[in-house]
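The lines below spell out each chain.
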Amino acid sequence: MNTPEASTNCLKRSNEDSVDSLSGFEKKKLKDEIKARKKDMEVITKQLKDNQLQQLIENLDLYQNRKNCIDAQIKLLANKQKNRMLEKEMLQLKIQNFQSKKQQYAIDVKIVDCKGEDLRSKINKLNEKETDLKLKKKQKMRHFHNDKSLTEEHDHEYADLITEHNVDTKSVERMKKEVEAKKEAHDAYILAMAAKLNLVEAQLHGLFGKQEENDTLRGIITQKQEELKAQEGAAKKLLENLERQPDQFAAETLELKNKKGKIDEDIESTKLAIEKITSEDENDENEGLDEKDIEVKVVTQNASVPNFTNDFDDPEIPFVLSDGSEDKSDENHGQENHRNQEASFSDDLDDLEIQIVASAELINNDDEEAPNREEQEDGDVNNDDADETLADEPCCSNQSSKKAECKKKPKRKPKAKVHTKPQQIHKNSELYNAKLHIKAYFEEFGYTEASDVAKQAVDDVIESVKEKNCSVVKIDQGVSFPENNCRGLKDQLIQLIMAPKVERPKSSASSSKDSSNYVHPLTYTGDLYLDVNTVTGQDVLESAAEFMKTGNNHVFGPPEKEKIRHVLEGDSRVVEAEKTFFEQQSLHSTNGRSHPVPMISKNNEEGLKHLLANASIFMVDDVDEWNGFDVEAFDLDKISEVLKSDSTVQVIRQIPQPTTTNFNFISTEQKSNEIGVYHFTEHHKLEDFLENHKICIQVLTKDAYNEILNNPGNKDEILLTLGAELRKNQLPLGDHEKDTKDAKAMKETVPKYANLLSFGTNVDLSGHATKEQEKSCGKLPDSLAPTGRGSLLNFAFEKIPGLNEIQMYLKPPAARTTGHFESNSLGSININLGPGDCIWFSVPAEYSQSFAQMLNRQRRTKKSVFSQTWWPNEEECIKQGIVVQKFAQRPGQLVYVGIGTYHWVQSEGYTANVSWNVMQPSFHQMAVTAIMNDQYLAYKNYSIVPIEYISWNVVMSLEPVEEKEFRQLLKAILMRSLAHLQATLDFLNKKMESNNVKLLSKKKTGLNPMKFGIDKDAVARCSNCAQVLFNFVPTNKENMIICFKCIDELSIDINKIKVVQCYELDYLASVFDGFQIEQ
Ligand SMILES: [Zn+2]
């Protein structure tokens, strides 16, 4: 044992003096002193450690920054080098260009020269011709001259002869004429000669002109040749200079890479140091929980801080990690005396232990639930109000209440910070995104002619992002899924919504005291004071009329608020039975942590019926060509053409990340149970959006993918580059008039290095242009088609966007549909059109209460889960005993989400989904929908599904309703509705007495559905709060539908209100009587 200097250890020395010889008071004093010193030391040790850790973390940051800086420099150099290469290539091209031009000019010169030659020879010929002509003319002139003189001589001779011989004057005349003619011919010939000469001269002139032009052209060409020569010379010189320059970039890059290597070493060693300290911290905490370890802990803390001197001797005592290693510490202690001393400490220091244990527990809780210091800084944007936002709006977890707690307690676990700097989050996200893109590319195109090594590299990438724990069990034809009576909740449903008649409490507290200005909306849960099986319509109306007189409802009691707070809770029996069934079906045990999801083939009609009635969620495989449903109708090119390329698409921006994490784009730390979601919605042109997705997969990913195949050794580097490229090419943050204020504010907090995917949501496929798509969906079986007769929604005779209208979702990899429950807990259909897969999570209906409670606990809020945006943690759910189903939905597979099933979805590749809601005509569906109505009202919201309209229309349409409980429920709903309508009429009559309210009767009867507002709107909703208004529809002076609650709250002049009454109450009472529970 390494004994320390005696002088540095006065306490130890006094111990050695002999503890037994001290008096009781001295002993106590000594122990107190020890206790105090121990505490001081703990604090100092802690501080030192924290400081050291802080320093190390700062160092790590610094190193990381340096590394980033060097990376940037290396990139810059690479760019410079690339630029130089480009410059060289440009010059070479230029020189080549010059040379080809030179050749061209040389040819031109030759052509010009040839032409000149030709011209010259022509000129020569003409010159000769001219000379010749001139000569001929001269000769002719001379001949003529001679002839003339001769003729004149003849004339004289003739005259002499005539006088001498007295010749006939006639022949003299003739001779004269001959001479005359000769003369004329001569003149003509001379003239012709002159003309010929003129022509030759003109030709000559022309040729001279041409010759001059040719000479000029030659001059120009020669000049150009000279210029070219000069340019070529200059380019050659530049190239020579470039080539002569040494490759300084390579040397610099090498130097930088060396530096980077050194920094990497520093980072590694710093990380190790941090890990060492934090693991010591963890061990300390473990010890804190174990009573016996306290003394040892005090001793061992010393070991991690070498410069600190321990007053308790023996720095060599090893760590005590668990009960098992305690013996080892005994061996090393060796000294009985020391051991006794420890024992006496632990006996006497009970209070201290309790204190330490308590604080350790607190600290542990903090680690789980409270944000660390850094998150508090960034978490300031988080606030309570965010919980109120709608599901698709930006939202985040509530941290404010935790902050106060954190300030009181020193933070213990800075370890988590090390890897979760915001920059690091986005870096990790980039890499994950790159891997998913490679996976997506592979799944669409496969590897062609790749080496085994290359294939392995791609497989490794895919394996690293593989979702584990997915479970689907195929159900064969003829096999029935176990029946379960509304997931084991039927009795609860009946009790809530149509329990047998009870006596009305005599002194029932009036719920109407505050309703003098409006009648409260209709509710469906709670006691019934009349027996639906026997009561007549007139009885109902009469009992309801009591309300106006007494202020008490004589037909039904107030809604159940507490029981329906988080929907319903069942037990595990249904899931246990399913488990056994799945094991029989798949022939092996379902030990996986996720509960399997049943899947049937499209031709299994019986199977479909069973699953619709009993499964919380299920799949139908390969729905293409099902009854003529055509996946091709949803081809993206077709869709963008139909929707017009300039239309806008609502885009959600999120961080790509594995399903197991839930980072915010500005958050700094991942917590195991973080559930609040921080994303935002903006709007982009559909064309830009689709083009961006195309570039990411078909250009960037394609290149990287081929690079991996060609160079599998560089896989990691290629992935990093792809991640960075995908980020650089992400859709820029938009600025659209449709963007909400919240989204705009959110955008301002986006860091510049943020990696954000773009998820196109709620693309409505409705109206004339999308007939083909609607028609295709309409071919599915009635129970699944958006407009199938099987869906109760169609008895509202209206189209509700997102409910019975088809919506399309355009997903890149890792796009998240955050956790939710369908409106009014309806069923929903979702078809994956491919090419990528989607990973689904869901919680069966009977666990929805504990699930919602867990969500609220984690977010520390009592607000409705429906008004929040969340991403649950799979692990955490399992830890809390909540059953989770996890499965992959491949292209062509249809997911049916059953009644009351919470679910959340993440895409694995680029993929498009279509979705809509259906309302099965069953007691189960109608009961839960009605309960949800009351739930919404409890949270001051309104149900979208018009329950009264649907119920009355089903009955008036004489639609066959087989299920007895459903008939009974319909009758109960009609009874509540009748009573509510009577109360409303009485209220209106009272209003009309004192105000100028007008009641207009529409007197609708029979099958004719009511129509309000624009053509298709068969359901009247308040234009202000969206409450559904049945039978009595108030409108203001602009003919806008407005409820009496809003009239009151907005202080609208009641004298300007007209109320349209659609049916006489007597008529409705007769419909009520005509609908029998027993058939
Ligand atoms: Zn309203």
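Residue numbers run consecutively from 1 along every chain, following the written order of its sequence. pLDDT decides what is reported in this predicted model: residues at 70 or higher carry local features, side-chain atom pairs at 80 or more are listed and counted, and totals for whole chains, interfaces and linings draw on all residues regardless. Neither water nor hydrogens contribute to the side-chain values; these are computed over all heavy atoms in the structure.

Our working definition: UniProt positions are given in the numbering used here, feature names are shortened, and annotations may be inferred rather than shown by experiment.
Labelled according to an unreviewed UniProt entry, the protein appears under the name JmjC domain-containing protein, originating from Caenorhabditis briggsae. Entered under Sequence similarities (unreviewed entry) in the UniProt record, the comment concerning the protein runs "Belongs to the UTX family." Quoted verbatim from the Subcellular location (unreviewed entry) field of UniProt, the annotation for the protein is "Nucleus".

### Things to note about the coordination of the zinc ion
Octahedral metal centres with six donors ideally show angles of 90 or 180 degrees, and tetrahedral centres with four donors ideally show 109.5 degrees. Applicable threshold: Only nitrogen, oxygen and sulfur atoms within 2.8 Å of the metal, or 3.2 Å for Na, K and Ca, are treated as donors, and water is left out, so sites may look incomplete. Only two sets of limits are used to name each site, 85 to 135 degrees for every angle of a tetrahedral four-donor site, and over 155 degrees for opposite donors with all other angles from 65 to 115 for a square planar four-donor or octahedral six-donor site, with any other site named irregular. Counting from the N terminus, the helices are the DSSP runs of H or I reaching at least four residues and the strands are the DSSP runs of E reaching at least two. Per-residue accessibility, obtained with a 1.4 Å probe over protein chains only, is compared with the maximum for each type, and a residue is labelled buried under 20%, exposed over 50%, and partly exposed between these values.
The protein atoms that coordinate the zinc ion are Cys 1022 (SG), Cys 1025 (SG), Cys 1043 (SG) and Cys 1046 (SG), at distances spanning 2.2 to 2.3 Å. Between the four donor atoms coordinating the zinc ion, the angles at the centre fall across 102 to 116°, so the site counts as tetrahedral. If you list the donors of the zinc ion from N- to C-terminus, the spacing comes out as C-x2-C-x17-C-x2-C. With Cys 1025 in the loop between β15 (998-1001) and β16 (1032-1035) and Cys 1043 in the loop between β16 and α28 (1044-1049), this residue pair connects regions lying 18 residues apart in the sequence. Assessed through its relative accessible area of 22%, Cys 1025 is described here as partly exposed.

### Things to note about unusual backbone geometry
With an omega dihedral of 0°, the bond running from Gly 834 to Pro 835 counts as a cis peptide bond. Position of Pro 835 among the secondary structure elements: in strand β9 (residues 827-835). Phi at Ala 1026 is positive, roughly 75°, even though this residue is not glycine. Relative to the assigned elements, Ala 1026 resides in the loop between β15 and β16. Unusually for a residue other than glycine, Asn 1031 sits at a positive phi of about 70°. Looking at the secondary structure, you find Asn 1031 in the loop between β15 and β16.

### Re the sheet that holds strand β7 (residues 806-811)
As a reminder of what qualifies: Any two strands between which DSSP finds at least two bridges are classified as paired. To obtain an axis, a line is fitted to C-alpha atoms, over the contacting stretch when the element is a helix, and the angle between two such axes runs from 0 to 180 degrees between their N-to-C directions.
Read from one edge of the open sheet, ten strands run β1-β2-β3-β12-β9-β14-β7-β6-β4-β5, paired in mixed fashion. Because the sheet does not close on itself, it has two edges, and the strands there are β1 (472-474) and β5 (680-685). This sheet shows a mean twist of 25° between the axes of neighbouring strands, independent of strand direction. The pairing of strand β6 (residues 757-765) with β7 spans four bridges and is antiparallel. From the neighbouring strand, Gly 760 faces β7, where its bridge partner is Leu 810.

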